[in-house]
Amino acid sequence: MGTRRDVRFVSSGVKLPCADAAPAPAPAPTLLSAALPFARIGRAIDGVVRHVARSLPRLPVARAETGAGAAAAPIALPRRQKDGGGGGGGEERVLISEVAVRGKDGEPLERPELEAAAAAALRACRPNAALTVREVQEDVHRVVESGLFRSCMPVAVDTRDGIRLVFEVEPNQDFHGLVCEGANMLPSKFLEDAFHDRHGKIINIRHLDQVIKSVNGWYQERGLTGLVSYAEILSGGILRLQVSEAEVNNINIRFLDRRTGEPTVGKTQPETILRHLTTKKGQAYNRAQVKRDVETILTMGIMEDVTIIPQPVGDSNKVDLVMNLVERPSGGFSAGGGISSGITNGPLSGLIGSFAYSHRNVFGRNKKLNLSLERGQIDSIFRLNYTDPWIDGDNKRTSRTIMVQNSRTPGTLIHGGDHPDHGPITIGRVTAGIEYSRPFRPKWSGTLGLIFQHAGARDDKGNPIIRDFYNSQLTASGNAYDDTLLAKLESVYTDSGDRSSTMFVFNIEQGLPILPEWLSFNRVTARLRQGYEIGPARLLLSASGGHVEGNFSPHEAFAIGGTNSVRGYEEGAVGSGRSYAVGSGEVSCRMFGPLEGVVFGDYGSDLSSGPKVPGDPAGARGKPGSGYGYGVGIRVDSPLGPLRLEYAFNDKQARRFHFGVGYRN
């Protein structure tokens, strides 16, 4: 029997080294191009097609070669015909009597399942079929694409029964290990799970291709710039993957003029910006992380615009990050106004004017200085706040606030119900303190503070008084003023900034009797808010409560009723007690533009604790101690926050308008 060499194909599924040869050196990994398994199949096959197309027409069909360059011997083919269909384009067909799959040496394969897999990939090549070169080549392509074989060579053999077409295949090696290089971000368990059941089995290039796609997808889903840049099979069945990850080389800060956009000298210290970035030099470049860093810099309040532009560094996998910053004006004077929540006798009497100076970037280190003065017919507040959002040398992002305040506010929340022979009562407070805050977890933060307060009541002429018209005491100590040193602990949980999320606030205050005359009491409060999206509407549920134990000033009692408590009542008209509980529910729906309609209901109670307040101011004024209200309202989004106008009814059938700025507490 002779062997026909005029129809011969050689194809390799991947450009991988032979098992018995030294592994070829891997090319330098390139970030945006990869030498992946199936990326080379088409090129390998196309090369074979071009070679066969050049050589086949010069070979007579009735002749055979015994080797490359050997003399041709005539062979009588059983049948010869032209392909009249469109698929072969007039190519000459050869009648094949038998099709077989064998190993590279012509012997049967050791694993019958491999022979069956190769045979299953053959579509055109069947016994007693007249085949063209193209049809044979397509079947070679299918065998290689099965992923189990590194090469496939069809060889025509003359037999007494006709021409026998033998596909000599070389299976891939058995998988015995994996080496992955350059994958600093990729968890090792990811690849362990991908190959956990492949040990001892033949390497399947299709499976390898799926693994590579999943690795690339892992990087893409997390905003990372990384991919598998090279894959090869080493001797002994060891699979080697080379992963290329973009690495941050340098972070350069550039300040731009807010008017011209040209580079300028910034007022902010560069280290103040760099310490807020989670992206560091030497880390993998993460697009999502960089986006979060941009948002973090914007929330500092000192930048008008922030952009981060990655720039490649030569031919390496490193990138330089250029941060363009446009600074906001660092400070200035402002004026405004508002309405006091403690004024109940008409909105005009509660108007407040304000004047303030602020500097948001003291010393170029993002430290805040605020000096403000608010003045109304009754109210007057002077505040001085100095805040360091991130204390130098602290790695926990701890902030520090130093505060001094002198205020005069209406006492109507607790001691309301003016008598014609007795003017309004005001509460004067001088407060100074320091607070430290820091995040504990992504959604939790805490505050610890120490605050001193010197507070007392005054009449309409500004004179200190210790009892009101109803003979209820106005101070706990019996003196004109009460002094208190408060230790404060607060914990806040916020799910997100959206109102349809969860918020929880827990607060403890302890009066420290350092001196005998200083007040000693413990106050605990909690607030919970939960929002739900229900189709086009939004349901918002909220609850708050608290309790005070010990000796405290009557004006520090919990006031129930009003715009931020039980609507339908005046401020503090439901009750004032040592304990309280308030619940509220409202459904809002967007009407058009920034306008939103609201339906609400509130309930509040002093939990029968009104008589336990020193002087029982609620009992002297006949406050019910509990009550509910309901109504409707509209809200309009504004730069100051939502403007709220609400009309409410209470359980006494009284009606009342409420106006507020910002969300309800």
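Residues numbered from 1 in each chain as written. Predicted model: local features only at pLDDT ≥ 70, side-chain atom pairs only at ≥ 80, totals over all residues. Heavy atoms only, no water.

*Asks:* Even after reading the chapter, I still don't get the sheet that holds strand β11 (residues 177-181), so can you show me in this structure?
*Replies:* Strand pairs in the sheet, formed through backbone hydrogen bonds, run parallel or antiparallel to each other. One open sheet holds the three strands; their spatial order is β11-β13-β12, and the pairing between them is mixed. Two strands lie at the open edges of the sheet, namely β11 and β12 (226-234), each paired on one side alone. Neighbouring strand axes in the sheet, compared pairwise and without regard to direction, differ in orientation by 20° on average. With eight bridges joining them, β12 and strand β13 (residues 238-245) adopt antiparallel strand pairing. (Pairing = 2+ DSSP bridges. Helix = DSSP H or I, 4+ residues; strand = E, 2+ residues; numbered from the N terminus. Axes fitted to C-alpha atoms, helices over the stretch in contact; angles between N-to-C directions.)

*Asks:* Got a minute to help me understand the sheet that holds strand β14 (residues 247-256) in this structure?
*Replies:* With respect to topology, four strands assemble into an open sheet ordered β15-β14-β17-β16, the strand pairing being mixed. Single-partner strands in this sheet number two, and they are β15 (263-264) and β16 (303-312). Pairing of β14 with strand β17 (residues 318-327) involves eight bridges; the strand directions are parallel. Bridge pairing links N252 to V322 in β17. Packing of helix α7 (residues 287-299) onto the sheet brings it into contact with β16 and β17, and relative to β16 it is tilted by some 155°. (Contact = heavy atoms within 4.5 Å.)

*Asks:* Before we go on, may I ask you to explain unusual backbone geometry in this structure?
*Replies:* When glycine is set aside, most residues are seen to have a negative phi, and most peptide bonds are trans. One non-glycine residue with positive phi stands out, namely S608, at about 60°. Of the residues examined, S608 reaches a relative accessible area of 62% and is grouped as exposed. Positioned with a positive phi, Q653 is a non-glycine residue whose angle comes to about 65°. Among the secondary structure elements, Q653 is positioned in the loop between β35 (643-650) and β36 (655-661). (Buried < 20%, exposed > 50% of the residue type's maximum accessible area, 1.4 Å probe, protein only.)

*Asks:* Looking at this structure, how should I read the pairing of strand β24 (residues 444-458)?
*Replies:* Every other side chain in a regular strand lies on the same face of the sheet, so the side chains alternate between the two faces. Alignment of strand β23 (residues 426-441) against β24, held across 15 bridges, turns out to be antiparallel. Bridge pairing in β24 places R441 opposite W444. What sits between the antiparallel neighbours β23 and β24 is a turn of two residues. Alignment of β24 against strand β26 (residues 482-494), held across 12 bridges, turns out to be antiparallel. Among the inter-strand pairings, G446 is bridged to a residue of β26, identified as S491. Here two bridges tie β24 to strand β25 (residues 464-465), and the two strands are oriented antiparallel to one another.

*Asks:* Could you clarify how one ought to interpret the environment of P410 in this entry?
*Replies:* Structurally, the position occupied by P410 is in strand β22 (residues 399-410). In this structure the C-alpha to C-alpha distance between P410 and I378, which are 32 residues apart in sequence, comes to 6.6 Å.

*Asks:* Any chance you could explain the nonpolar core here in plain terms?
*Replies:* Generally speaking, a soluble globular protein has its nonpolar side chains buried in company with each other. The biggest cluster of nonpolar side chains holds 24 residues, and the ones touching the most others in it are L131, V143, F149, C152, L165, F167 and V169. Contributions of two or more residues to this core are made by β6 (92-96), α2 (112-121), β8 (129-131), α3 (133-145), β9 (149-159) and β10 (162-171). In contact with L165, not counting residues within four places along its chain, are I96, E98, V99, A100, C125, L131, V136, P154, V155 and A156. I205, L208, V228 and I233 belong to the second-largest nonpolar core, a separate cluster that totals 21 residues. (Core = buried A, V, L, I, M, F, W, Y, C linked by side-chain atoms within 4.5 Å.)

*Asks:* Please explain the confidence of the model for the protein as it appears in this structure.
*Replies:* Should pLDDT be low for a region, the predicted coordinates there are not to be read in detail. Of all residues in the protein, 83% have pLDDT values of 70 or greater, and the mean over the chain is 83. Of all helices and strands in the protein, the one with the weakest mean pLDDT is strand β4 (residues 72-74) (28), whereas β26 scores best (97). Segment residues 1-82 is flagged for pLDDT under 50; beyond a separation of four residues in sequence, or across chains, it makes 158 contacts in the model. With pLDDT under 50 throughout, residues 84-89 is counted as low confidence; its partners more than four residues away or in other chains account for four contacts. (pLDDT = per-residue confidence, 0-100.)

*Asks:* Explain the environment of A124 to me, please; I cannot follow it from the model alone.
*Replies:* When you line up the elements, A124 lands in the loop between α2 and β8. Taking the C-alpha atoms as reference points, A124 and D139, separated by 15 residues in sequence, lie 6.8 Å from one another. Setting aside chain neighbours within four positions, we find A124 in contact with A129, L131, E135 and D139.

*Asks:* Honestly, the side chain of T409 in this entry has me stumped. Any pointers?
*Replies:* In this fold, T409 is placed in strand β22. Exposure remark for T409: the relative accessible area of 18% places this residue in the buried category. A polar side-chain atom of T409 sits 3.3 Å from a polar atom in the side chain of R429. When sequence neighbours within four positions are dropped, the list of residues in contact with T409 reads D379, T426, I427 and R429. (Polar contact = N/O pair within 3.5 Å; in protein donor to acceptor, adjacent residues only side chain to side chain.)

*Asks:* Help me understand α3 in this model?
*Replies:* In this model, α3 (13 residues) spans 18 Å end to end at C-alpha, consistent with the 18 Å of a helix rising 1.5 Å per residue. Of the residues flanking the end of α3, it is G147, one or two places downstream, whose phi is positive at about 85°. (Expected span 1.5 Å × (residues − 1).)

*Asks:* What should I look at first to understand the packing of aromatic side chains in this one?
*Replies:* Aromatic ring pairs are reported here in terms of the distance separating the ring centres and the angle at which the planes meet. Scanning all chains against the criterion turns up 12 aromatic pairs. Ring geometry for F469 against Y470: centres 5.7 Å apart, planes inclined by 85°, an arrangement best described as edge-to-face. Between Y630 and F649 the ring centres are 5.8 Å apart and the planes differ by 20°, which places this aromatic pair in the stacked class. Here F649 lies in strand β35 and Y630 lies in strand β34 (residues 626-636), a separation of 19 residues in the sequence. Linked through ring pairs, Y630, Y647, F649 and F657 together constitute an aromatic cluster. The ring centre of W390 lies 4.2 Å from the NZ or CZ of R275, which sits over that ring. Here the guanidinium or amino end of R567 rests over the ring plane of F600, the centre of that ring lying 4.0 Å away. (Phe/Tyr/Trp six-rings, centres within 6.5 Å; stacked < 30°, edge-to-face > 60°. Lys NZ or Arg CZ within 6 Å of the ring centre and 35° of its normal.)

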